[in-house]
Each structure stands twice: as structure tokens, then as C-alpha cells.
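Geometric and topological summary
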Amino acid sequence: NPYAGLVNHLRAAWLSGKTRPMEYRMAQLEALGRFLDEKKQDILEATALDMGKPSFEAYFTEILLCKNELNDTLNNLSHWMKDEHVDKNLVMQLDSAFIRKDPYGVVLIIAPWNYPIHLFLVPLIGAIAAGNCVVVKPSEIAKNTERLVAEMLSCYLDNDCFAVVTAGVQETTRLLENKFDYIFFTGTPSVGRIIMTAAAKHLTPVTLELGGKNPCYVSDTCEVQNVARRVAWGRFFNAGQTCVAPDYVLCSVEMQEKLMPALREAITEFFGSNPRESPDFGRIVGDKQFRRIRALLCSGRVAIGGQTDEKERYVAPTVLADVLPSDPAMQEEIFGPILPIVVVANMDEAIDFINARPRPLAIYAFSCDSKVVNQVLERTSSGGFCGNDTLMHTALTSLPFGGIGNSGLGKYHGKFTFDTFTHRRGCLHRNMGLEALNALRYPPYSQQKLGLLSATFEVKRKGMCTLL
Amino acid sequence: MERMKEVVGRARAAFNSGRCRSLEFRMQQLKALERMVQEKEKEILAAIKADLHKCGHNAYSHEILGVLGELALAMDKLPSWAAPQPVKRNLLTMRDEAYICPEPLGVVLIIGAWNYPFVLVMQPLVGAIAAGNAVVVKPSEISENTARLVADLLPQYLDRELYPVVTGGVPETTELLTQRFDHILYTGSSAVGKIVMAAAAKHLTPVTLELGGKSPCYIDKDCDLAVACRRITWGKYMNCGQTCIAPDYILCDPSIQSKVVENIKTTLQEFYGEDVKSSPDYERIINRRHFRRILGLLEGQKIAHGGEADEASCFIAPTILTDVSPESKVMEEEIFGPVLPILTVKSVDEAIEFINRREKPLALYVFSNNKKLIKRVISETSSGGVTGNDVIMHFFLSTLPFGGVGNSGMGAYHGKHSFETFSHRRACLIKDLKMEGTNKLRYPPSSQKKVDWARFFLLKRFNKGRAGLVILALLGIVAAVVVKVSFG
């Protein structure tokens, strides 16, 4: 196996205990911060080359949000690493009972191409903070960013404990034959299944951040212009290549009528009259993806946009009206700058529509009536939920970010990343004395012993008298 | 085989009806489960006795007490466990509602094991019901009396569609695993754990695998050997060694090996009397296959005590082996029987190295008067859980997560951890549709001014004491106003 040497090297470093002390972890994390600061320009350039990522977007998601996570971790690491003492029962009052935060060992992070720095760096922060050794496999589809990470990350991090592997599909399959102690994967559900099946061979726990079609319900009572702006922003960010982007809108035929001019205005506000010339609108990452997205345009009717240019991999910010559930745009996650509007009669129909489909990564609901927002929240299931906006629930580090069902398993961001890469080990450190108390549990058994044992062990309902 | 599809389909339809969402419904089901355990105590103890030759007192304290405890805890805490948890907000979201909402996963599958056949389906079931799921229960067919009892009793007390019991062996379980579940909790061997996870991968189903391994027990020279050995004897030979967290083997200095043997022998006498076979408190091996497997491990070993066996009754006497070699058969697989190998090591360093060369175990035990040594062993090894100066006991504290790591498993449960295992923690952010002001910061067209404002709102390097928060809030309001004016 071509990667066995590398994995063994990291495992040896792991067994040496190098990554355990807090000072070591903090130093590596600070080095990551320097990587973001010193290579900022290179990152903006690489992502611009890879998918025409606007520099504001790249700065926001690849630098700012990552620094946020880094600072949150650096500020709190000592607290997160501490043993968590837990409540004890009567018998254990004199013992020490706590949850120890153990690293797993050698972990693997596989990242996708759409936010190529963010989606390996944020998991990496948690993995390092938790004390692991890490193999990072950035996406081969974002070629320029892949090269940057492969060449430059090693200048900042300890090469004994952290490695970058560049690999296509074949090589990744071979990489997965090695045993890892945790695998963190961001990508499509179909590849997620392959990853989990490979992990099962070694009983490796996994976090899978996948995707789906994120519905966006717009009720009849709302501030149409605000809705249009927020939805358009979420949809067209990164030219639609965002796992939590609003994938399609559900609304009444009257609302569709009102939304259309509002969306047109928002798009013009954002990108001018010719979005192709705006520095703030991205491109599709590759020819294959471009062709796939272009094919989705024959759904419903093109109400806004629809222009494409194959050479530039440009797809205009597009809104499709009167889209049917059977149309191509409704068969797969769009992952492009196309927003289909599917007409439903009312909120109940919207909720049924959503529940008839696989559970998405995010659900959005817009209404001035908070009861409507709450109804959609309560009667559906999704990884996360945002009322009256799009994407923003993923920028708050105190909220867990992850999917459910087809959209994934596990969660991260903030402390949740640290917890993901930590084995929470239950520890009970008992007293050698007071052996007399233990006599209750030893054979030979008797009814009397049992009675006393029950009294000391039992958790009683409140309001009943307890033995103290 | 169509039966599996129907049963799971019915459970899913019942879940989708929404009736197990309300806390009242879940409490009602948990209360019914509690009534079942109390009313049918005799039948439950009889079934366990038939399967494992376990006396009533033992069965009660191992299997019934724990379940009643979990039920009482869940019923007491359910409202607080199920309540949405507000989270810390940043400057940008200061005026919004942000919280984590615990939600049921859907239809979960619980596959039990035969060694503690009642508690190993019931304890997860309590958590799964509390979290609002539908649950398919598959008790182990090897402990056939308890399996049959669970299949009879559950439908008498619980909602029949939401909590069906499926019985059967390997073919039925294989068929069951082709269905889609929203979580699978499996207790059993690592080999089957891999099969369960591979089946779950097809549906992207999260799993909790409670597996096993060889749980090491290090005895330091500096410790009260009589007490240590009594505790070890209790944990090793309970349920005839058929406990996933039993101390599998002992590591100790060669100078104390014979003292260890003597102390264990004395304790065995105290516990089971002269003739172990006639003690009502000593169990039997579950079946012939395991009986023969365990007996096979004794080949070529130095038997310091025990070794007697009787195939007809699946009886194997409490046995101690000394000077065992690490390469021998008894050190290859989890023993899961009343055979205790002792291996000698010259130091705690050697013990730690020995443990770390092998798969991560479900439990780790270390006995010493020296607190520092115990801390060191814990810090330099990895295992599902640990008990220092005793064995098994970390299992009985429900505030500690119970589960494995590496080959011994993934995920954890008990107490609140069960509720969390069977819940989806959904991130919720509710914003105001009217306040558009600060949103303008993030919309194109971009500008340096916007970038600077974005940095201000998002970066949080500074320490947040209470005063800091007030200043922050004030700054936030000022900033929002300024932004509205500049970009309005």
C-alpha cells in the first residue's frame, strides 16, 4: 500500500505522545493562524483560479470564518481539555468520577472543492486541538488550492504529526485501506457511503458532512424585498456551490408573482445589469459540473437569467418559475446558481412536500408570522434550520453543524469539532478502603443484602423518601 | 422475510404519525415499561435463570436494578433533556434566537446480546423511547428464554406498532439489517460489529457499537492485595466470566504472582464455598459451543487453580492460569469465561507498553495505593472506560458515558448519554425578517469598507467578561446604526 509508510510514520509520532501536551497543540494552532495570515493573498488567488471565487467571499469564508474558529479554540482549549467531573451516586461519594478527553490517534480529513481551505481547515483545527495526528486530503478538483495546501502547509505544521496527501479517486481508495482512528468526510452522499463502508472494515468512527436539496419556504406574509435579498444572497454565493444553499423555493402562486421582480432587483443590486462582468459573482469549478448544471435549465421556465458560457464556465444567476417536481432541477442537488420555484397551495402542502423527500442539510422558512416559522421547524426534520435568512446558522460557532439521514451524520464547528475528534472516556477512581461497603455486592447472596443494595443504588423518583 | 419489511414499515408509519413526539406519550410508555419490570419481575428472573443459571438475587442486581434506575432517571429528567438549549450568540446574531433543538431520529434498531439478555435491550430501549423514536428490538436468540419473554411482554405494555420485537437468528438479523434505520445500537462482538456497520453504511445510518476486547487489569506491588483480589474475583467470575467489561487478564510483578493466586483462591472460597458447582450463586456457560471454546484455551497452560469442567451442565470452575505467555491462544481472543490468565511484567512501563501494543479494550483496570501511578496508567493508555482500584463499577454510574473505542466500539450510552445517542441535535437560528440593516454588510457589491466591518463583527479575539459583553453590545448597536446610514 503506497500510503502505509506515511500512516505508520504518523502512528509512531502518535505513540510517542508528542501531540498530547496543551502547549504543543496551541503552538500548532497558532502556526495555522500564521498560515492564514501570511498566505492570505495566495489563498484568494488560488480560489479565484479554481472557481472564480470573488475575493470578498474567499476572505469571508476561507480566512475570516477560519480565524474565528481558530480564536474560539485557542481561547477555550484548556477548558475543553479538562476532565469533566460528573455527579456521583451514593455508593461512590468518596470516589473520583470524571470524563477524560482522549485523542483518537491518527485521523483522516477528506475535504471537497467548494470551500477548499475552510472545509479541511476547520476540521483540522478540532483534530489538532483534540491531540490527534492528522492526514489531510484536499480535493483534487480545486487544483490550485490543492497545490497550495500540499506545498505550503508543511512549512507551518510539524511534519512528523501532520501530513497532506494529494490523491484522485484511485489513490484515495488505497488510502482508505489503511486503518485510521477517525475519518472526517465532506462531500456527496454516494461517496459518503463508500467512505463509511471502508471505515467499517476497521471499525473506524466517522463524521459525514453530506448534502441534499435544501428547501426554502416563503409564506404569503413577509417582507418580499428582504426575503428576495436574503434568498438570492444564499443561492448565488459561490455561484451556488454551497452545501447549505437554498436549493429551491416553495411558495404560493401569488408569492411567486411578487418574488420575481424582487429577486430581479436583488440580483441587479448585487451583480449589476451584467453579472458576467461583476467581480462579485463566481464561476463553476469544472467542465463536467458546468454541463451538469446547464442541463438543469430545462425545468419550468427561465424567468431571470439563463445565460451560460462554456469557455468561462459561467452560468448567470437564474430563477426558474413554475418548476414541477418531475423536472430535472428537482431530481438532484443543484449546486449551481439556479433557483427553481415550485408552487404549492399553502404551508401544509409545503411541509408535506418537504417530508416526502430525504432529510436535507438545512431548511429555510420565511415569514413575518413567527407561528409559521415555528410550524415549519416543528413539523420537519433537517440537519439545521434558519428562520428568515439563509446560510447564517452555519456562521455561529456555538451551533452544531451537521446533517441527518442522507445529509450526513455527526456535527462540528466550535467545541463540537473538538468533541468530534475526542474519545470521551468514563473514569472511576475508587478508594481502596471502605471494603466493608462492598460486602453488599459479593456472594453468597441473600435477600437482606439485596434490599440494602437496592437502597444505595437506586435512583428514586423525586418526592419519595431516600436513604441517606 | 417479507415480515421484516412490514414490521419496520409499520414502525415508520407509526413514527410519521407523530404520536411519539409528545413528552406525555413518551412518559406514558416509560411508565408502562416500569410497570412491566415491576409486575413481571418473577418471570424475568426465571427466564434469565433458565438461560444462564443465574440466581434471582444476582439477576435482580445485574439486570433489573439498573433498568429501574434508568427508567426513574429518564422520567425525572425528560422535560429538561428534551428542552431546546439556547446557545451563546455573537455580535451579528445578538438580536436573534439561537438554540439547539433535540429531536427524535426516527426508527432505531436495538440488537441485544445474550450475556445480560434483559438489561442490554432494556437500557438502550429506555433512552430510545425517551428521545421520541420508534424502536425495533431484536434480543439475542442465544438467550432464547429471555428473548421469548421480551417478545411476549413488550406488546402487552407498550405501543405495538412503535416498539415491535423481532426474534430470530443470523438469517433474520441479516434481513433486518437490509432495512433502513435512523440509528442502530448493537451490542456484541467486533467481528459482527463490522458487519452491522457495513450494512448501516448502505443507508448512511449512524451506529453505536458496544463491542468487546481483552480488558487488562494491572496490579501494582504497592497495593492492598487482599482487597484488590476480592474486587477482581467478584468482577471476573460474575456471570461465569461472561461480561464484556470483566477483567480479562492480570498483569503484575512476578514477585506477587503467587500471593495474587492465594488471595483469589481465598476469596473464591468465601464467595462460592468448597464445592463451587453446588453454589446457587455461580452461573453456567451459555451453551456447548462457548463451553468447548473456553476449555480449548486451557490447553498447554499452567493451571494454578480450577480447571474442572462438566459439559452436560456447561459448568467450568473458576480457573487461574499463571506465567501465561503473550503469544498463547488464551491471549488472542476475549476469554468471556471463568479463566483468569496472569502475565508477569517487571514494571508499570512494561505493563503500559504491553497494553498499548494491543487493540484498545472496552475497560481498563489498575490497582495501586499510589494515586500518581493510577493517573499515569490512565493518561498513557486508551480504553472505552476505566475503573481504578476496582472493576466493573464505572458501568454503574450513569453520569459516565459507557462505550468503547477502536476495536471495542464507538459511541456511548447510559443515563443522559442514551438520550443524546438517540437524538438529533438540530441547530436553529431564527432571525427577524424586518431588520435588514447589518445584512447589507455581506451583500455584493463588495468594498474594503464592508470587509473591515465584517472583520469587526466576526472576529472575536478579545476576552469576554461581563463588562466586555455590555461594551460589545453597545458597540454593536452603534455599528448597526452607522452601517445602516452608510449602506442604507
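What counts, and where the lines are drawn
- Residues numbered from 1 in each chain as written.
- Chains lettered and ligands numbered in written order.
- Predicted model: local features only at pLDDT ≥ 70, side-chain atom pairs only at ≥ 80, totals over all residues.
- Heavy atoms only, no water.
- Helix = DSSP H or I, 4+ residues; strand = E, 2+ residues; numbered from the N terminus.
- Buried < 20%, exposed > 50% of the residue type's maximum accessible area, 1.4 Å probe, protein only.
- Contact = heavy atoms within 4.5 Å.
- Areas by Shrake-Rupley, 256 points an atom, 1.4 Å probe, with all protein chains shown as cover.
- Lys, Arg positive; Asp, Glu negative; His and termini not counted.
- Charge placed at Lys NZ, Arg CZ, Asp CG, Glu CD.
- Domains from an automatic or database assignment.
- Buried area = accessible area lost by both parts, 1.4 Å probe.
- Salt bridge = Lys/Arg side-chain N within 4 Å of Asp/Glu carboxyl O.
- Polar contact = N/O pair within 3.5 Å; in protein donor to acceptor, adjacent residues only side chain to side chain.
- Nonpolar A, V, L, I, M, F, W, Y, C, P; charged D, E, K, R; others polar.
- Pairing = 2+ DSSP bridges.
- UniProt positions renumbered as here; feature names shortened; annotations may be inferred.
- pLDDT = per-residue confidence, 0-100.
- Disulfide = S-S within 2.5 Å.
- Phe/Tyr/Trp six-rings, centres within 6.5 Å; stacked < 30°, edge-to-face > 60°.
- Lys NZ or Arg CZ within 6 Å of the ring centre and 35° of its normal.
- Axes fitted to C-alpha atoms, helices over the stretch in contact; angles between N-to-C directions.

**Some words on the overall build of chain B**
- From N to C terminus, chain B includes 16 helices and 17 strands.
- Principal axes of the C-alpha set define a box for chain B whose edges measure 90 × 55 × 35 Å.
- Classification of the 488 residues of chain B by burial places 62% in the buried group.
- Considering only intrachain contacts with a sequence separation of at least 6, the fraction spanning at least 24 residues in chain B is 71%.
- Accessible surface, chain B as shown: approximately 18200 Å² in total, 54% of it carbon and sulfur.
- Put simply, chain B has 61 plus and 53 minus side-chain charges, and the middle of one group is 11 Å from the middle of the other.

**Some words on the domain arrangement of chain B**
All names here are of chain B.
- Per the domain assignment, the segments making up chain B are domain 1 (1-211 + 413-426), domain 2 (216-407) and domain 3 (440-486).
- The straight-line distance from the C-alpha centre of domain 1 to that of domain 2 is 30 Å.
- Across the interface of domain 1 and domain 2, roughly 2100 Å² is buried in total on both sides, 53% from carbon and sulfur atoms.
- Of all residues in domain 1, His53, Trp114 and His414 bury the most surface against domain 2, accounting for 26% of the area lost on that side.
- Run the count over domain 1 and domain 2 and you get zero salt bridges.
- The interface formed by domain 1 and domain 2 contains eleven residue pairs in polar contact (both at pLDDT 80 or more).
- When contributions to the side of domain 1 that touches domain 2 are tallied by element, the ones reaching two or more residues are α3 (41-52), α4 (56-82) and α14 (415-421).
- Top element by residues in the side of domain 1 that touches domain 2 is α4. It accounts for four residues.
- Counted by class, the side of domain 1 that touches domain 2 contains eight nonpolar, ten polar and four charged residues.

**Digging into the pairing of strand β14 (residues 363-367) of chain B**
Residue and element names in this part refer to chain B.
- The element β14 is extensively covered by neighbouring structure, given that five of its five residues are classed as buried.
- Here β14 shows no split at all, with Ala363, Tyr365 and Phe367 on one side and Leu364 and Val366 on the other all buried.
- Pairing of strand β7 (residues 216-219) with β14, which is carried by three bridges, proceeds in the parallel orientation. If you follow Ile219 over to β14, its bridge partner there is Phe367.
- As defined by bridge partners, β14 adjoins strand β15 (residues 385-388) across four bridges and the pair is classed as parallel. For Tyr365, the partnering residue across the bridge sits in β15 and is Thr387.

**Looking at the interface of chain B and chain A**
- Each partner contributes to the interface: chain B provides 112 residues, whereas chain A provides 113 residues.
- Here chain B meets chain A over a buried area of about 9500 Å², counting both sides, of which 61% is carbon and sulfur.
- Linking chain B with chain A are ten salt bridges, by the criterion used here.
- Between B:Arg231 and A:Glu435 there is a salt bridge, and its shortest N-O distance comes to 2.7 Å.
- Run the count over chain B and chain A and you get 47 residue pairs in polar contact (both at pLDDT 80 or more).
- Sort the elements by how many residues they give to the side of chain B that touches chain A and α4(B) lands first, with ten residues.
- In this structure, strand β18 (residues 422-429) of chain A lies alongside β15(B), joined through four bridges in parallel fashion. Paired with A:Leu428 across the strands is B:Thr387, a residue of β15(B).

**A closer look at the UniProt feature "coiled-coil region" (unreviewed entry) in chain B**
- The UniProt feature table records "coiled-coil region" (unreviewed entry) at residues 23-50 of chain B.
- Taken end to end, residues 23-50 of chain B is 96% helix and 0% strand, and its first and last C-alpha atoms sit 37 Å apart.

**Let's talk about the UniProt feature "active site" (unreviewed entry) in chain A**
Residues and elements named next belong to chain A.
- Per the UniProt record, the feature "active site" (unreviewed entry) sits at Glu209 and Cys243. Spatial clustering of the annotated residues is evident: they stretch over 35 residues in sequence, but the largest pairwise C-alpha distance comes to 9.1 Å.
- Within the secondary structure, Glu209 is located in strand β7 (residues 206-209).
- By relative accessible area, Glu209 is classed as buried at 3%.
- Contact partners of Glu209, with chain neighbours within four places excluded, come to Phe184, Phe185, Thr186, Gly187, Phe401, Gly402, Ser407, Gly410, Lys411 and Tyr412.
- Structurally, Cys243 can be placed in the loop between α9 (224-236) and β9 (248-251).
- Ignoring sequence-local partners within four residues, the contact set of Cys243 consists of Asn114, Leu210, Asn214, Glu333, Phe335, Leu361 and Phe401.

**Some words on the side chain of A:Lys137**
All names here are of chain A.
- Tracing the backbone through its elements, the reader meets Lys137 in strand β4 (residues 133-137).
- When its relative accessible area of 3% is taken as the criterion, Lys137 is described as buried.
- In this structure the side chain of Lys137 is engaged in a polar contact, spanning 3.2 Å, whose partner is the side chain of Glu140.
- Discounting chain neighbours no more than four positions away, the residues touching Lys137 are Ile109, Ile110, Ala111, Val165, Ala167, Thr172 and Leu175.

**Notes on the confidence of the model for chain A**
- With 97% of its residues at a pLDDT of 70 or more, chain A shows a mean pLDDT of 95.
- Confidence drops under pLDDT 50 across residues 463-468 of chain A; counting only partners more than four residues distant or on other chains, this segment forms five contacts.

**Considering the UniProt feature "domain: Aldehyde dehydrogenase" (unreviewed entry) in chain A**
- UniProt records the feature "domain: Aldehyde dehydrogenase" (unreviewed entry) at residues 18-423 of chain A, using the numbering of this structure.
- Taken end to end, residues 18-423 of chain A comprises 40% helix and 17% strand; its first and last C-alpha atoms sit 18 Å apart.

**What to know about the state of the cysteines**
- In this structure the tally under the stated criterion is zero disulfides over all chains.
- Free cysteine: A:Cys251, not disulfide-bonded; nearest cysteine sulfur from A:Cys222 at 9.0 Å.
- Residue A:Cys251 is classed as buried on the basis of its relative accessible area of 0%.
- Cysteine B:Cys101 remains unbridged, with the sulfur of B:Cys428 as its closest cysteine sulfur at 4.8 Å.

**Let's talk about the side chain of B:Asp96**
Residue and element names in this part refer to chain B.
- Assignment of secondary structure puts Asp96 in the loop between β1 (85-86) and β2 (97-104).
- Taking the relative accessible area as the measure of exposure, Asp96 reaches 7% and is therefore buried.
- Within the structure, Asp96 has its side chain in polar contact with the side chain of Lys431 (distance 3.4 Å).
- With sequence-adjacent residues up to four places away left out, Asp96 is seen in contact with Arg89, Leu429, Ile430, Lys431 and Asp432.

**Observations regarding the packing of aromatic side chains**
- Using the criterion set out here, one finds 27 aromatic pairs over all chains in the structure.
- Each ring, one from A:Trp233 and one from A:Phe237, has its centre 5.5 Å from the other, and the planes form 70 degrees; the classification is edge-to-face. Here A:Trp233 and A:Phe237 have matching classes, each one buried.
- Among the aromatic residues, those joined into a ring-pair cluster are A:Tyr115, A:Trp233, A:Phe237, A:Phe270, A:Phe271, A:Phe281, A:Tyr314 and B:Tyr443.
- In this arrangement the basic side chain of A:Arg441 is found over the ring face of B:Trp234, its NZ or CZ atom lying 3.7 Å from the centre.
- When the ring centre of A:Trp233 is taken as reference, the NZ or CZ atom of B:Arg442 above it lies at 3.7 Å.

**Quick look at the UniProt feature "domain: Aldehyde dehydrogenase" (unreviewed entry) in chain B**
- Feature annotation in UniProt places "domain: Aldehyde dehydrogenase" (unreviewed entry) on residues 3-425 of chain B, given in this structure's numbering.
- Secondary structure over residues 3-425 of chain B splits into 43% helix and 16% strand, and the C-alpha atoms at its two ends are 32 Å apart.

**Considering the sheet that holds strand β5 (residues 162-164) of chain A**
Residue and element names in this part refer to chain A.
- Taken together, the six strands give an open sheet; going across it, the order is β5-β4-β3-β6-β7-β17, and neighbouring strands pair in mixed fashion. The open sheet is flanked by β5 and β17 (408-409), the only strands paired with a single partner.
- Where strand β3 (residues 106-110) lies against strand β6 (residues 182-186), four bridges are found, and the strand directions are parallel. Within β6, the position partnered with Val107 by the bridge is Tyr182.
- Sitting on the sheet, helix α1 (residues 4-16) is in contact with β3, β4 and β5, with an inclination near 150 degrees to β4.

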